[in-house]
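Chain residues, written in single-letter form:
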Amino acid sequence: MKKVNILYIGRHLEILQTVIRLINKQDNWQAQGVLKDEEAKAIFAAYNFDIVLLGCGILEEEETALRSFFEKQQPHCRIVQHYGGGSGLLTSEILLALE
């Protein structure tokens, strides 16, 4: 089974670490997380991602710029807003994006 590559972008280190840990618990999911937009763009350009999760704390204009960049680089990649809410919601968001 193909690994699902996920990029998480958030502004809070503790939340980022938790989200990455929860995602990487899944056998066929692999996540990387970053706090800064430039870091996100660099890693996104270097790897193929299936899903980008946008965490809380990202300003609207930052989100717009990130979405534009991601859509141009890898149009197949799904971009999902993740506001938190526990591991069940996180799993559901990812599974819905994979459909």
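Fair warning: this is a prediction, and the values are worked out from it, not measured in the lab.

J.: Please explain the pattern of salt bridges as it appears in this structure.
T.: One side chain can pair with another of opposite charge once the charged atoms of both are near each other. Scanning the entire structure with this criterion turns up five salt bridges. A salt bridge links Arg11 to Glu62, with the shortest nitrogen-to-oxygen separation between them at 3.1 Å. With a gap of 51 residues between them, Arg11 in the loop between strand S1 (4-9) and helix H1 (13-24) and Glu62 in helix H3 (residues 60-73) connect regions that are remote in the sequence. The exposure class of Arg11 is partly exposed, given its relative accessible area of 24%. Exposure remark for Glu62: the relative accessible area of 23% places this residue in the partly exposed category. Residues Lys41 and Glu38 are paired through a salt bridge, measuring 3.9 Å at the closest nitrogen-oxygen approach. Taken together, the residues span about one helical turn, with Lys41 and Glu38 both in helix H2 (residues 37-46) at a distance of three residues.

J.: When you look at the nonpolar core in this model, what are you seeing that I'm missing?
T.: Soluble, globular proteins show a tendency: their nonpolar side chains are buried together. With 15 residues, the main nonpolar core has Ile6, Ile23, Ile51, Leu53 and Ile94 as its most contacted residues. The element that contributes the greatest number of residues to this core is H1, accounting for four residues. Setting aside anything within four residues of it in sequence, one finds Ile94 in contact with Ile6, Ile23, Trp29, Ile51 and Leu53. Residues Val52, Ile58, Phe70 and Cys77 belong to the second largest nonpolar core, which totals 14 residues.

J.: Sorry if this is basic, but what is going on with the packing of H2 against H3 here?
T.: When two helices pack together, their arrangement is given by the angle between the helix axes and by the axis-to-axis distance. Direction vectors running N to C along H2 and H3 enclose 10 degrees, while the axes themselves pass 11 Å from each other. The orientation of H2 with respect to H3, classified from their angle, is roughly parallel. Across the interface between the two elements, Asp37, Ala40, Lys41, Phe44 and Ala45 of H2 pack against Glu62, Leu66, Phe69, Phe70 and Gln73 of H3. Considered class by class, the residues forming the contact of H2 with H3 number six nonpolar, one polar and three charged.

J.: Explain H3 to me, please; I cannot follow it from the model alone.
T.: For the α-helix, the turn length of 3.6 residues means that residues three or four positions removed from each other point alike. Here H3 spans 20 Å end to end across 14 residues, near enough to the 20 Å set by a 1.5 Å rise per residue. Taken together, the buried positions of H3 are Glu63, Leu66 and Phe70. An end-on view of H3 places all buried positions within 65 degrees of arc, on one side of the element. Exposed and oriented more than 90 degrees from the buried face of H3 are Glu61, Thr64 and Lys72. Where H3 is buried, its residues contact S1, H2, strand S3 (51-54) and strand S4 (78-81).

Conventions used here
Here the residue numbering is sequential within each chain, running from 1 through the sequence in written order. Note on the predicted model: pLDDT of at least 70 is required for a residue's local features to be given, and 80 or more for side-chain atom pairs to be given and counted; whole-chain, interface and lining totals, by contrast, use all residues. Side-chain descriptors were evaluated using all non-hydrogen atoms of the structure, hydrogens and water having been removed beforehand. Just to be clear on terms, a salt bridge is a Lys or Arg side-chain nitrogen sitting within 4 Å of an Asp or Glu carboxyl oxygen. Helix and strand definitions here come from DSSP, where helices need a minimum of 4 consecutive H or I residues and strands a minimum of 2 consecutive E residues; each element is numbered from the N-terminal end. To sort residues, take the accessible area from a 1.4 Å probe on protein chains only and compare it with the maximum for the residue type: under 20% means buried, over 50% means exposed, and anything in between is partly exposed. Each nonpolar core is a collection of buried residues, namely Ala, Val, Leu, Ile, Met, Phe, Trp, Tyr and Cys, held together in the definition by side-chain atoms within 4.5 Å. Any two residues whose heavy atoms approach within 4.5 Å at even a single point are treated as in contact. To obtain an axis, a line is fitted to C-alpha atoms, over the contacting stretch when the element is a helix, and the angle between two such axes runs from 0 to 180 degrees between their N-to-C directions. Roughly parallel means an angle under 35 degrees; roughly antiparallel means over 145; roughly perpendicular covers 65 to 115; every other angle is labelled oblique. Polarity classes work like this: nonpolar for Ala, Val, Leu, Ile, Met, Phe, Trp, Tyr, Cys and Pro, charged for Asp, Glu, Lys and Arg, and polar for all others, with Gly in that last group. Expected span, for any helix, means 1.5 Å times one less than how many residues it has. The arc in question is traced by the directions running from the helix axis to the C-beta atoms.

Coordinates in, geometry out; function isn't part of it.
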